[in-house]
Amino acid sequence: MSVEKRINELTEILNTHNHNYYVLNKSEISDYEFDQLLKELQKLEEENPLFAFTNSPTKRVGGDITKKFKTVKHRFPMLSLSNSYSKEEIEEFDTRVRKLVDGDIEYVCELKYDGVAISITYENGQLVKAITRGDGVQGEDVTANVKTIRSIPLSLKGNYPQDFDIRGEIVFPLAAFEQLNKERAEAGEALFANPRNTASGTIKMQDSTIVASRGLDCQLYQLYTEEPMFKGHFEAVKGIAEFGFKIPSINDNFIKKVNSVDKVMEFINYWNENRIDLPFEIDGIVIKVNSYYKQEELGFTAKSPRWAIAYKFKAERVSTVLEKITYQVGRTGAVTPVANLKPVQLAGTTVKRASLHNADQIEKLDIRENDTVFVEKGGEIIPKIIGVDFNARLENSLTTKYIENCPECNTELIRVEGEAQHYCPNSLGCKPQIIGRMEHFIGRKMMDVDGLGVETVTQLFEAQLVENIADLYDLTFDQVIPLERMAEKSVNNLLAGLEKSKKVPFEKVLFALGIRYVGETVAKKLAKHYKNIEALERADLDSLVAVDEIGERIAESVVDYFSNEGNRIIINRLKEAGLQFQIDESQDKQESSKLAGKSIVVSGVFEMSRNDLKKLIESHGGKNGSSISSKTDYLVRGENMGPSKLAKAEKLGVEMLSEKELLEMLRD
Ligand code: IVH
C-alpha cells in the first residue's frame, strides 16, 4: 500500500476510534492498540510531511507552540446572557417573550456550564479556527490548543453545512482537576483554586502538549449558520450529533424541551439538587426559546439575546456552630486545622467538618470555637467556611491560639518562613506521619503492593510489627498470621505483593519514599538525571538546582532528606531487601552520544515544543538544566527569553545556539 493511502487509512481509523471513545462513550480498541496506530501515523507524517493532514488525529497530543495568540474578530459577536435568580424573574421573562411573539412558545432548558466560552469555525467539514470570547467582538486564536480536546471533532461526518461556527464552553472535568491538583500537591506545588480559572489558564498556554495532558473537555451549546438549517435549537442540538459532535444527553435530562414556566422550574430544581453529581461544574441553567424563527423575531438588546435567559444557582449557604478546632497531621508532617461543626444539611449532604487551611486563614477570618460560622458549598465538593456571624459571638469567646506542639507526638511545631503551613519535624517518631508514609509507599502509583491496604498497615503498626517502610520487607508469615482478620491466603498475598514490588522501577521507588515536594514528575526527573540513589544522595544544592525543572525548594528538601541518618539507614535496608535503586538503562533509547556529558539549558519559545526539544537533547546523551551556571555547556536560545538568563549566559561566556543550529549539530 502506498504511504499516502496508509496515512489516509490510519487517519480515518483513528478518527473513528476517537469519536467512539470521546463522543459516544464506547471503546472498541485497547489504549495500547490505539497508541500503536497513532505512533505509526506520527512516524509516517514525520517522514512524509506533504501527505499529513492539518487536522490529523496526531494533533490531539499537542506539540504545536503558539508564540503569541493572534487577535481575531468574531463573525457573530459573542454576547452574554441576562441573569435571573427566582421563579418571578423567569415569569417576567416568559411574559416579555409572549408579548413580542405570537403562538405557542417552546423553551429549551439546558445546563449553564461553568468554564470558558469558545467559538469554533468549521469550513468544508474541517475545524479551521477556535477563538476565545475576548471582549465579545474579538478574541484570541487558540486553535492549536483546542485541537487537543478530544471530544471536539477535527473533521466532520455526514451532511454538515459548508461554513459555520459552533460555540460552547471549555470545562475542566472535576476528576481531571482533582488529579492535577493531587499531582501538584505531591510535588509540593501551589494548588489551582478552581476548575473554571484553571480551564481558562490552560487554554491560553503556549505549549499545546501541556494542554493535551490536562484532559479538558468541551460542552457545545449553540450553532451559528448563515441560513438556518434546523427549525429550532433543540432540533439543531440533536442534528449536529450526525456531524460527529458530542451533544448533551437527553436521557440524562441534560437538555429538555418544555412549554411552561412550571416545567422550566422543575428542570431548575432538579439540577439545583443533582448538580453535585455531575462530572463538571455548572453555575446555573440556560433557558432558550426553541424556534429559530421566533428567536429572530425577538432579536437582541445591546448585550444579550431577548430569546434566552440564565438562571443562576445561589451558592448554598447555611450557618452552624463551630464546636471545636482540631488539628490533623499529614504524612509530610504538615498540620491542617479542621473545623468540627454542629452537623448541618447543605446541598444534599450532612456537613460535619471543613478545612480551615492554616493559621493565617483562622486569623484573617477571626474564627473561634463556639462561633456561629457561615458554611458555603458552590459547585465544588468541599464545603468552605466563608465567615463568622459576629452578632452571634458569645461574650466569653477567646481568640484562637494556634497550637504550638504536635497534637499527636507533642513535638514543638515549626513554620518555615514564607510558608503558610506549620509542620511537625518529628518525622520518624510521629504516628500519623509514620502510617501516612507507609500508606503512600504502598500506593498504586508508587510500590503498588497488592494485598496490603491502609487498614492492614495500621494494624501492623499497632501490633508493633512495622515502624517504617523498610520493616515491611522483614515481615514473616508467622508474624502476620496471628493478627485479626488474617488468613493463610491473605498473608500469602501480602507477602507475594511485597516480593513483587521489588521489581518496581527506580523512579517509582523514589516517589514512594515520600520526600517532601518530590512528586511523580520530579521523581522521574531526578531518577533520569542521577540514574541511581547513590548519586542523588551525594548531590548538593547547586547540582540539584541545575537539573531541569528542579527549584530551590525541592533541592533543599532532597538534601534535607538525605542528611537525616534515619532515612539513610532505611534506604540501606531497602537496598538489601532488593528494591530497585538505579534506572534500567536498557529502556533509554539513545540516538547518538553527540551531546554526552553536556549540560544544556533551553530557554524561550521555539518552533518545536520545548518538551520535544528537551527529549531530543536527552536522546543524544545531553542533560537538560534549568538554570545557567558555570557548568552549563550550551544555552539553546528561543524567542522571548528572559533578559536575566541572557545576561548571565553572556557573563559566564556560555556558548549560545539557536534551535536551528542545535538541529544542524545533531544531524548525521
Ligand atoms: S448560550 C447569545 N448556553 O454563559 C448567548 N451559554 O453568561 C449565547 N454558557 O457567554 C450563550 N452554558 O459562555 C449558552 N448552555 C449554555 C451555556 C452558556 C454556559 C456561558 C457562555 C456565555 C455565558 C453567558
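Residues numbered from 1 in each chain as written. Predicted model: local features only at pLDDT ≥ 70, side-chain atom pairs only at ≥ 80, totals over all residues. Heavy atoms only, no water.

Remarks on the packing of aromatic side chains
Quick reminder of the rule: Think of it this way: a Phe, Tyr or Trp ring, Trp meaning its six-membered ring, pairs with another when their centres are within 6.5 Å, and the plane angle makes it stacked under 30 degrees, edge-to-face over 60, tilted otherwise. In DSSP terms, a helix is any run of H or I states spanning at least four residues, a strand is any run of E spanning at least two, and both are numbered starting from the N terminus. Whether a charge sits over a ring comes down to the Lys NZ or Arg CZ being within 6 Å of the ring centre and within 35 degrees of the ring normal.
On inspection of all chains with the given rule, the structure shows 17 aromatic pairs. With a centroid separation of 5.3 Å and 90 degrees between ring planes, the pair formed by Tyr122 and Phe245 is classed as edge-to-face. One end of the pair, Tyr122, is in strand β4 (residues 116-123); the other, Phe245, is in the loop between α8 (233-240) and β9 (255-258), with 123 residues separating them in the sequence. Members of the aromatic cluster, each reached through a chain of ring pairs, are Tyr113, Phe254, Tyr270, Trp271 and Phe280. Its guanidinium or amino end placed over the ring of Tyr423, Arg516 lies 3.7 Å from that ring's centre, counting from NZ or CZ.

Let's talk about the packing of helix α12 (residues 431-442) against helix α13 (residues 454-462)
We apply this condition: As a rule, the C-alpha atoms of each element are fitted with a line to give its axis, helices using only the stretch in contact, and angles between N-to-C directions run from 0 to 180 degrees. Roughly parallel means an angle under 35 degrees; roughly antiparallel, over 145; roughly perpendicular, 65 to 115; everything else is oblique. Here a crossing is called left-handed whenever its near helix is offset anticlockwise from the far helix by less than a right angle, and right-handed whenever the offset is clockwise. Residue contacts are defined here by distance: any two heavy atoms, one from each residue, within 4.5 Å place the two residues in contact. Polarity classes work like this: nonpolar for Ala, Val, Leu, Ile, Met, Phe, Trp, Tyr, Cys and Pro, charged for Asp, Glu, Lys and Arg, and polar for all others, with Gly in that last group.
In the contact formed by α12 and α13, the axes pass within 10 Å of each other and the chain directions differ by 135 degrees. The orientation of α12 with respect to α13, classified from their angle, is oblique. Crossing of α12 against α13: the hand is right-handed. From α12, Lys431, Ile434, Ile435, Met438, Glu439 and Ile442 reach across to α13, where they touch Val454, Val457, Thr458, Phe461 and Glu462. Grouping the constituent residues of the contact of α12 with α13 by class yields 7 nonpolar, 1 polar and 3 charged.

Observations regarding unusual backbone geometry
The cut-off we apply is this: For the exposure calls, accessible area comes from a 1.4 Å probe over protein chains only, and a residue counts as buried if that area is under 20% of its type's maximum, exposed if over 50%, partly exposed in between.
Although it is not a glycine, Asn124 adopts a positive phi angle of roughly 50 degrees. Within the element layout of this structure, Asn124 appears in the loop between β4 and β5 (126-132). Taking the relative accessible area as the measure of exposure, Asn124 reaches 52% and is therefore exposed. Of note, Tyr517 is a non-glycine position whose phi angle comes to about 75 degrees, a positive value. Structurally, Tyr517 can be placed in the loop between α17 (506-512) and α18 (520-530).

What to know about the nonpolar core
Keep this limit in mind: Put simply, buried Ala, Val, Leu, Ile, Met, Phe, Trp, Tyr and Cys residues joined by side-chain atoms within 4.5 Å make one nonpolar core.
The biggest cluster of nonpolar side chains holds 59 residues, and the ones touching the most others in it are Phe441, Leu472, Leu510, Leu526 and Leu574. Residues contacting Leu472, with those up to four places away along its chain left out, are Met438, Phe441, Ile442, Leu452, Leu460, Val466 and Leu498. The next biggest cluster of nonpolar side chains, apart from the first, holds 32 residues, and it includes Ala130, Leu154, Ile170 and Phe245.

Details of the sheet that holds strand β3 (residues 107-113)
What counts here: We treat two strands as partners when DSSP finds at least two bridges between them.
Taking strand neighbours across the sheet as the criterion, the 5 strands line up as β2-β11-β10-β3-β9 in an open arrangement whose pairing is mixed. Each edge of the open sheet carries a strand with a single partner, namely β2 (83-84) and β9. Pairing between β3 and strand β10 (residues 282-289): 7 bridges, direction antiparallel. Within β10, the position partnered with Val108 by the bridge is Lys288. In the packing of helix α3 (residues 87-100) onto the sheet, contacts are made with β2, β3, β10 and β11 (308-312), and the angle to β11 comes to roughly 175 degrees. Packed onto the sheet, helix α9 (residues 261-274) meets β3, β9, β10 and β11 and runs at close to 160 degrees relative to β10.

Some thoughts on the sheet that holds β4
The 4 strands lie next to each other as β5-β4-β7-β8, forming an open sheet whose pairing is antiparallel. The open sheet has two edge strands with one neighbour each: β5 and β8 (217-225). Within this sheet the neighbouring strands show an average axis-to-axis angle of 30 degrees, counted without direction. The sheet contact formed by β4 and strand β7 (residues 163-171) spans 8 bridges and is antiparallel. Within the sheet, the bridge partner assigned to Val116 lies in β7 and is Ile170.

Remarks on the site of the ligand
As a reminder, the rule being used: A single heavy atom is enough: if one lies within 4 Å of a molecule or strand, its residue is considered near that molecule or strand. Any pair of N or O atoms that falls within 3.5 Å is considered a polar contact. Within protein, one atom must be able to donate a hydrogen and the other to accept it, and sequence-neighbouring residues count only if both atoms are side-chain atoms. Note on areas: Shrake-Rupley with a 1.4 Å probe; residue coverage comes only from the protein chains shown.
As a structural note, the neighbourhood of the ligand is formed by Leu79, Leu81, Glu110, Leu111, Lys112, Tyr113, Ala117, Glu169, Tyr221, Val286, Lys288 and Pro305. Measuring from a nitrogen atom of the ligand, one finds a backbone N or O atom of Leu111 at 2.9 Å. Measuring from a nitrogen atom of the ligand, one finds a side-chain N or O atom of Lys288 at 3.1 Å. Its free accessible area being 530 Å², the ligand has 91% of it covered by the protein chains. The set of elements that each furnish at least two residues to the shell around the ligand consists of β3 and β10. Of the residues forming the shell around the ligand, the biggest block, 4 residues, is contributed by β3. Across the shell around the ligand, the residue classes break down as 8 nonpolar, no polar and 4 charged.

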